[in-house]
Amino acid sequence: MPRPLHLEPHFSADELKARYRASGDPVESRRWHLLWLVHTQTTLTDAAKAVGLNYDYARAVVKDYNREGAAGLRNRRKDQRPQQSRSLLNPKQLEDLEARLQSPPDDDGVWSGPKVARVIAEVTGVQNRTNFGT
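Residues numbered from 1 in each chain as written. Predicted model: local features only at pLDDT ≥ 70, side-chain atom pairs only at ≥ 80, totals over all residues. Heavy atoms only, no water.

Draft legend 1. Seen up close, the side chain of Asp-25. Looking at where Asp-25 falls in the secondary structure, it is placed in the loop between α1 (13–22) and α2 (26–39). Look at Asp-25 and you get buried, because its relative accessible area is 11%. In terms of polar contacts, Asp-25 uses its side chain to reach the backbone amide nitrogen of Val-27, at 2.8 Å. Within polar-contact distance, the side chain of Asp-25 engages the backbone nitrogen of Glu-28 at 3.0 Å. Those residues in contact with Asp-25, other than ones at most four positions away along the chain, are Asn-75 and Lys-78. (Helix = DSSP H or I, 4+ residues; strand = E, 2+ residues; numbered from the N terminus. Buried < 20%, exposed > 50% of the residue type's maximum accessible area, 1.4 Å probe, protein only. Polar contact = N/O pair within 3.5 Å; in protein donor to acceptor, adjacent residues only side chain to side chain. Contact = heavy atoms within 4.5 Å.)

Draft legend 2. Structural detail: the packing of α2 against helix α3 (residues 44–51). Where α2 contacts α3, the axes come no closer than 9 Å and their chain directions differ by 145 degrees. Handedness of the α2/α3 crossing: right-handed. Residue-level inspection shows Arg-30, His-33, Leu-34, Leu-37 and Val-38 of α2 in contact with α3, the latter providing Leu-44, Ala-47, Ala-48, Ala-50 and Val-51. By residue class, the composition of the contact of α2 with α3 is eight nonpolar, one polar and one charged. (Axes fitted to C-alpha atoms, helices over the stretch in contact; angles between N-to-C directions. Left-handed = near helix turned anticlockwise from the far one by under 90°. Nonpolar A, V, L, I, M, F, W, Y, C, P; charged D, E, K, R; others polar.)

Draft legend 3. Looking closely at the pattern of salt bridges. For the structure shown, the criterion picks out six salt bridges. Residue Glu-68 is joined to Arg-67 by a salt bridge in which the shortest nitrogen-to-oxygen separation is 3.4 Å. A relative accessible area of 35% means that Glu-68 is categorised as partly exposed. Take Arg-67: its relative accessible area is 51%, and that puts it in the exposed class. With a shortest N-O distance of 3.0 Å, Asp-107 and Lys-115 are connected by a salt bridge. By relative accessible area, which is 9% here, Lys-115 ends up buried. Bridged by salt links that share partners, the residues Asp-64, Arg-67, Glu-68 and Arg-76 form one connected network. (Salt bridge = Lys/Arg side-chain N within 4 Å of Asp/Glu carboxyl O.)

Draft legend 4. Expanded view of the nonpolar core. Core analysis: the largest hydrophobic core is formed by 20 residues, its most contacted members being Leu-16, Leu-34, Leu-35 and Tyr-65. Elements with a contribution of two residues or more to this core: α1, α2, α3 and α4 (55–68). Looking at this core, the element that brings in the most residues is α2, giving six residues. Ignoring anything within four residues of it in the chain, the contact list for Leu-34 reads Leu-44, Ala-47, Ala-48, Val-51, Leu-53, Ala-58, Val-61 and Val-62. (Core = buried A, V, L, I, M, F, W, Y, C linked by side-chain atoms within 4.5 Å.)

Draft legend 5. Quick look at the packing of α2 against α4. It is at 10 Å that the axes of α2 and α4 come closest, and there the two elements cross at 85 degrees. As summarised for this structure, α2 and α4 are arranged roughly perpendicular, according to the angle between their axes. Seen from α2, the contacting residues are Val-27, Arg-31, Trp-32, Leu-34 and Leu-35; seen from α4, they are Tyr-57, Ala-58, Val-61, Val-62 and Tyr-65. Tallied by class, residues from the contact of α2 with α4 come to nine nonpolar, no polar and one charged. (Parallel < 35°, antiparallel > 145°, perpendicular 65-115°, else oblique.)

Draft legend 6. A look at the packing of aromatic side chains. Under the defined criterion, the tally for this structure stands at four aromatic pairs. Ring plane angle 20 degrees and centroid distance 6.0 Å describe the contact between Tyr-20 and Trp-36, whose orientation is recorded as stacked. Within this pair, whereas Tyr-20 is found in helix α1, its partner Trp-36 is found in helix α2, the two being separated by 16 residues in sequence. Aromatic rings pair up to connect Phe-11, Trp-32 and Tyr-65 into one cluster. (Phe/Tyr/Trp six-rings, centres within 6.5 Å; stacked < 30°, edge-to-face > 60°.)

Encoded structure:
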């Protein structure tokens, strides 16, 4: 029989479950879920399998939690790369594009992906690399 795993009493089982369900970050949510399962007397092996983690990583999560509490579960990868917007258009340009799409395109046809891409390329000054037909 596996040896019981010790968890520091930073949070109750209900608090662990609430944090698991409320977390907006999938990495952190999985870590909270693991701890909740371990706290409810699930073995670390079974809890790791249930949340899709390998045993060694799960053990490291428990170790970090015991040492640092909630701070030990933080997704540190978010600290390593700045959050960048992937949109080519700023909010004003996006608003202008939405207004432009309410009227027919210049050829009086229907809007297509390549036609929208050409409009975005004109607005942003980014060269349109699509080779699609109209």
